[in-house]
Amino acid sequence: MEQVQLQDWARYTPAQRFQRYGYFALTALVVAWALGSVNIIWAWVWDAPTQMGDLFSRMVPPDPTHLDQILSALWETVNLATIATAMAVVLALPVAYIAAQNTTPNALTLWLGRFILVSSRSVNTIIWALLFVAIFGPGVVAGIVAIMFRSIGFLGKLLGEAIEEIDPKPVEALKACGASHFKVVLYAIVPQVMPTFFAVAILRWDINLRESTVLGLVGAGGIGVILQGAIDTFNWQEVSTVLLAIIALVVAGEVVSSYLRRKIL
Amino acid sequence: MSTARDTWRKQPFIANPVLRYGLYAAIAVYIVTTFATLPIDWDRMVQGLSRAGRIFGGAFPPSFQRSELLIDGFMESLKIAILATVGGVLLSIPIAFMAARNIAPLSIYYFGRAVIIIARSFHPVIVAIIFVKAVGFGPFAGILTLIVYSIGFVAKLLAEKIEEIDPGPVEAMRAAGAPFLSTLVYAVFPQIMQRQIGLGIYQLDSNLRASAVVGIVGAGGIGATLANAFGRYDYDFALAITMVIVGAILISEAVSGAIRKRIA
Amino acid sequence: MLKITSLVKRYGAGDPVLKDLDLEVPGEEVVSVIGSSGAGKSTLLRCINRLVEPTSGKIFLNGTDFTSLGKRELRVGRRRIGMVFQSFNLVDRLTVMENVQSGRLGYISTWAALSRRYPKEDIRRAYELMERVGIAHYANKRADELSGGERQRVGVIRALMQQPEILLADEPTASLDPKTSEQIMTLLRDLARELKLPVIINIHNVNEAKEFSDRIVGMRYGRIIFDDLPDALTKDAMHEIYAGVPHEDRQMEGAAA
Ligand SMILES: Nc1ncnc2c1ncn2[C@@H]1O[C@H](COP(=O)(O)OP(=O)(O)O)[C@@H](O)[C@H]1O
Ligand SMILES: [Mg+2]
């Protein structure tokens, strides 16, 4: 508090002040470079507010004619996200197990696990979807597999970290009882990572619900297909209906996941 | 009572057996019906294996022959990310103040909250496709998209931060009869600046990731290059682009993590 | 009967922590091992069930040479040795019954372990033992809801569920208050008598060691330098055991060598 009121005269030493100005100048320079060289037609920029207003005026009022189709696509989106999350959760377990330093069988499996996690995590769901649409053709299968591939890295990383942070003492105690490796995992490790397991599964489900709304834009199923169709046919009033439906879905997903979190944890 | 006890069952998570088995049954029914009703084209899926073989065959080795295109695309993504971060972080400040209960009057508070909720609800790809339609293909649509994306994240966290600031200096200033704006500048800004810079660096990282994606629907940057390569079945070039994207993301994650650790 | 001959343990490249150590624990004796921190007490106990791999030497338990067991045989062998820990080492999120039954994990099928459908005899025995130490009414409580003394009772019962031929306790009372500590020591001694079980207890509290054990072994810097009845533990003997600090010991070793 005091520091805040005294700021005008004694907050920084001259050297600090200089450094701050330096960072500031550097930032300004970078922004100027980006602004000067980016490939933008400025006439469009000045025109943008008009265009946006125009587009918006064409969106109201929302047109509910195809509401039944929209709702069934919404349900398909929910199913897609749920099934994909469930399968990803199952597949993430062995990955987490070999990616955790204290459970992985050997150095080779450790690196295999880490490789799976990094490649899964650093490729976005949409890029995965592009690939799987090319492989499986347009449709929900590509969407489900894309979401799975992205989720395995997310879930596997967080679960693997949870495994690495467990208390090793019960593990040792059960080893001393003569329990087999699998039973030690079952009794000493699984109970310790259970809360994290549920927390990350719910979190990822919530994220996947959002992500699955856009899969359709690259042909991978769900509500995005209808959105793309409405945009392509300039049916802006239907577009706004779909957008409202998506907001409702996302909000509902947040409510459900916070309810589950409270219930289970 | 004690001598003959030889049964023990773990108490189930849901004590009521009707509810418990009902839940199991509901889950089973859900899984079966979902798999049965999802529009899955099994024939097309079976072809997938041979197609996958062809795609991966075509993708290796990755081709960096058109590296000029690749570099242009990447630089454009970088510029989009930088400009969107600056725009988003600056715009987040007024929106966050509007959405902070301890600063804004109720009606403005609701408006600010609504802006944040809408910005957060839509995946950037949806926002991008709308902007592409409104302002045309290219990086401008990308920048607008990621500004919205940044607002959804930065303004929300900033508003939470403002709501928990120390009210002392604010009240002191108000009591001294300072006008609203100078109250903000002298009593509130100093308390949130640090946080705002950290958020900005984090957001630059997020925006770089997202800029690779929004390009796929036409909003400029390396994503557009990738979508084009995919569309033309140039899988070796697509792999090269993906590798660059992954590399850039890993580097950016490491750098932003290191910077945030230093200023924290 | 437990018989240890010329046991050596060396961590990494440094000085051995156990130096050519011999020890015999016959029948149903309660043996306390005392010695200052770092003397090698925990290492000695852990070598017996090979939580720590001995560098050389032999360990026989009722005729079985534990040092020569393969991985699978070792697992079977470990069932015969119960262990109690200073920090109890329970699984916090499991119930008391599950913790107790985890002592049987070496015996029961994977399916029984997974589904928690334990054999009837095991459940009966668990209730008997829990009743004996006064924790039967906690069977369905989570382990982390119990007090320290109660948790250590669970730890002891878990070890006894193995129907071990010997019990090893590594400072079982060091995390407990004095009163609870006495109760747990009483329990260990009485259970050893009732079940005719030899017990080796690492312990810091010399008074408790004298009060509760049949025999006291004093360790100093990896060697046994005292091994006698509790009454024979004189002031001088104690001084001998506790006086040295490891650093000086090391220098003396160097001079002798
Ligand atoms: N896992 C280990 N790695 C290396 N050194 C160890 C390890 N465990 C114990 N030691 C060392 O062995 C010596 C004896 O330790 P310990 O058996 O725990 O003694 P005590 O139980 O009598 O206090 C100590 O010097 C300790 O530092
Ligand atoms: Mg010790």
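Predicted, not measured: the structure shown is a model, and the values here were computed from it. (Residues numbered from 1 in each chain as written. Chains lettered and ligands numbered in written order. Predicted model: local features only at pLDDT ≥ 70, side-chain atom pairs only at ≥ 80, totals over all residues. Heavy atoms only, no water.)

Engineer: Hey, could you go over the UniProt feature "transmembrane region" (unreviewed entry) in chain B for me, with residue numbers and the actual values?
Structural biologist: All names here are of chain B. If you check UniProt for "transmembrane region" (unreviewed entry), the listed places come out as residues 21-40, 80-104, 125-152, 172-189, 210-231 and 237-259 in our numbering. Along residues 21-40 the backbone is 85% helical and 0% strand, and the end-to-end C-alpha distance reaches 30 Å. Between the C-alpha atoms that bound residues 172-189 the distance is 15 Å, and the span itself is 78% helix and 0% strand. (UniProt positions renumbered as here; feature names shortened; annotations may be inferred. Helix = DSSP H or I, 4+ residues; strand = E, 2+ residues; numbered from the N terminus.)

Engineer: Quick one: what's the story with helix 3 (residues 67-98) of chain B, residue by residue and with numbers?
Structural biologist: If you check helix 3 of chain B, its first and last C-alpha atoms are 46 Å apart, about what 32 residues at 1.5 Å a residue would give, namely 46 Å. Its maximal kink placed at B:S92, helix 3 of chain B deviates by approximately 30 degrees, while the proline B:P94 follows within four residues. (Expected span 1.5 Å × (residues − 1). Bend = angle between axes of the 7 residues up to and from the residue.)

Engineer: Describe in detail the interface of chain A and chain B, supporting the description with residues and values.
Structural biologist: Contacts between the two partners involve 64 residues from chain A, matched on the other side by 59 residues from chain B. A salt bridge links B:E253 to A:R121; its shortest N-O distance comes to 3.7 Å. Counting across the chain A and chain B interface gives 4 residue pairs in polar contact (both at pLDDT 80 or more). Residues of the side of chain A that touches chain B, tallied by class, amount to 45 nonpolar, 12 polar and 7 charged. (Contact = heavy atoms within 4.5 Å. Salt bridge = Lys/Arg side-chain N within 4 Å of Asp/Glu carboxyl O. Polar contact = N/O pair within 3.5 Å; in protein donor to acceptor, adjacent residues only side chain to side chain. Nonpolar A, V, L, I, M, F, W, Y, C, P; charged D, E, K, R; others polar.)

Engineer: Let's hear about the pattern of salt bridges: which residues, and what values?
Structural biologist: The final tally for this structure, using the stated rule, is 27 salt bridges over all chains. C:D190 is the partner of C:R189 in a salt bridge, and the nearest nitrogen-oxygen pair spans 3.4 Å. Between C:D227 and C:R215 there is a salt bridge, and its shortest N-O distance comes to 2.8 Å. Highlighted residues: C:D227 in strand 10 (residues 223-228) and C:R215 in strand 9 (residues 215-220), separated in sequence by 12 residues. Judged by its relative accessible area of 11%, C:R215 is buried. Three or more residues joined by partner-sharing salt bridges are found here, namely A:R121, B:R209 and B:E253. (Buried < 20%, exposed > 50% of the residue type's maximum accessible area, 1.4 Å probe, protein only.)

Engineer: Go over the environment of B:G112 with me, naming the residues and quoting the values.
Structural biologist: Mapping B:G112 onto the fold places it in helix 4 (residues 106-121). When near neighbours in sequence (up to four residues on either side) are disregarded, B:G112 contacts B:I95, B:M98 and B:A99.

Engineer: Residue-level account of the interface of chain C and chain B, with values.
Structural biologist: In this complex, chain C contributes 15 residues to the contact, which on the side of chain B involves 9 residues. Roughly 1,200 Å² is buried in total at the junction of chain C and chain B, and carbon and sulfur atoms are behind 48% of that figure. The tally of links between chain C and chain B comes to 3 salt bridges. For the salt bridge of B:R5 with C:E131, the shortest nitrogen-to-oxygen distance reads 3.2 Å. Applying the counting rule to chain C against chain B returns 5 residue pairs in polar contact (both at pLDDT 80 or more). (Buried area = accessible area lost by both parts, 1.4 Å probe.)

Engineer: I'd like a description of the site of ligand 1, backed by residues and values.
Structural biologist: Residues and elements named next belong to chain C. Surveying the vicinity of ligand 1 reveals the residues Y11, V17, S36, S37, G38, A39, G40, K41, S42 and T43. Take G38: an N or O atom from its main chain is 2.8 Å from an oxygen atom of ligand 1. Within the side chain of S42, an N or O atom sits 2.7 Å from an oxygen atom of ligand 1. Protein chains shield 55% of the accessible area of ligand 1, which is 560 Å² for the free molecule. Here the shell around ligand 1 is built from residues that sort into 3 nonpolar, 6 polar and 1 charged. (Near = heavy atom within 4 Å. Areas by Shrake-Rupley, 256 points an atom, 1.4 Å probe, with all protein chains shown as cover.)

Engineer: Pulling in residues and values, what's your account of the side chain of B:R20?
Structural biologist: One can find B:R20 in helix 1 (residues 17-37). Look at B:R20: it is buried, it has no salt bridge, and the nearest opposite charge is C:E98 at 14 Å. Apart from residues lying up to four places away in sequence, B:R20 is in contact with B:P12, B:I14 and B:A15. (Lys, Arg positive; Asp, Glu negative; His and termini not counted.)

Engineer: An account of the sheet that holds strand 6 (residues 81-84) of chain C is requested, with residue identities and associated values reported.
Structural biologist: All names here are of chain C. One open sheet accounts for 6 strands, arranged 6-7-8-3-9-10; its pairing is mixed. Looking at the sheet topology across the chains shown, the edges are occupied by strand 6 and strand 10. Geometrically, the sheet is characterised by an average inter-axis angle of 20 degrees between neighbouring strands, direction not taken into account. As judged from the 4 bridges shared by strand 7 (residues 166-170) and strand 8 (residues 199-202), these two strands associate in the parallel manner. Within strand 8, the position partnered with A169 by the bridge is I201. Its contacts with the sheet put helix 6 (residues 148-161) on strand 6 and strand 7, and the angle it makes with strand 6 is roughly 170 degrees. (Pairing = 2+ DSSP bridges. Axes fitted to C-alpha atoms, helices over the stretch in contact; angles between N-to-C directions.)

Engineer: Please provide a residue-by-residue account of the packing of helix 7 (residues 167-175) of chain B against helix 8 (residues 180-214) of chain B, values included.
Structural biologist: Any two packed helices are characterised by how steeply their axes cross, that is the angle between the axes, and by the distance between the axes. Residue and element names in this part refer to chain B. Their axes nearest at 9 Å, the elements helix 7 and helix 8 cross at an angle of 160 degrees. Taken together, helix 7 and helix 8 sit at an angle that is classed as roughly antiparallel. Here the hand of the crossing between helix 7 and helix 8 comes out right-handed. Between helix 7 and helix 8, the contacting residues are P169, V170, M173 and R174 on the first element and F180, S182, T183, Y186, A187, V188 and Q191 on the second. Here the contact of helix 7 with helix 8 is built from residues that sort into 7 nonpolar, 3 polar and 1 charged. (Parallel < 35°, antiparallel > 145°, perpendicular 65-115°, else oblique. Left-handed = near helix turned anticlockwise from the far one by under 90°.)

Engineer: Before we move on, could you go through the state of the cysteines and cite the residues and values that matter?
Structural biologist: Counting across every chain of the model gives 0 disulfides over all chains. The structure places no disulfide on A:C177, whose sulfur is separated from the nearest cysteine sulfur, that of C:C47, by 19 Å. Judged by relative accessible area, C:C47 falls into the buried class, the value being 0%. (Disulfide = S-S within 2.5 Å.)

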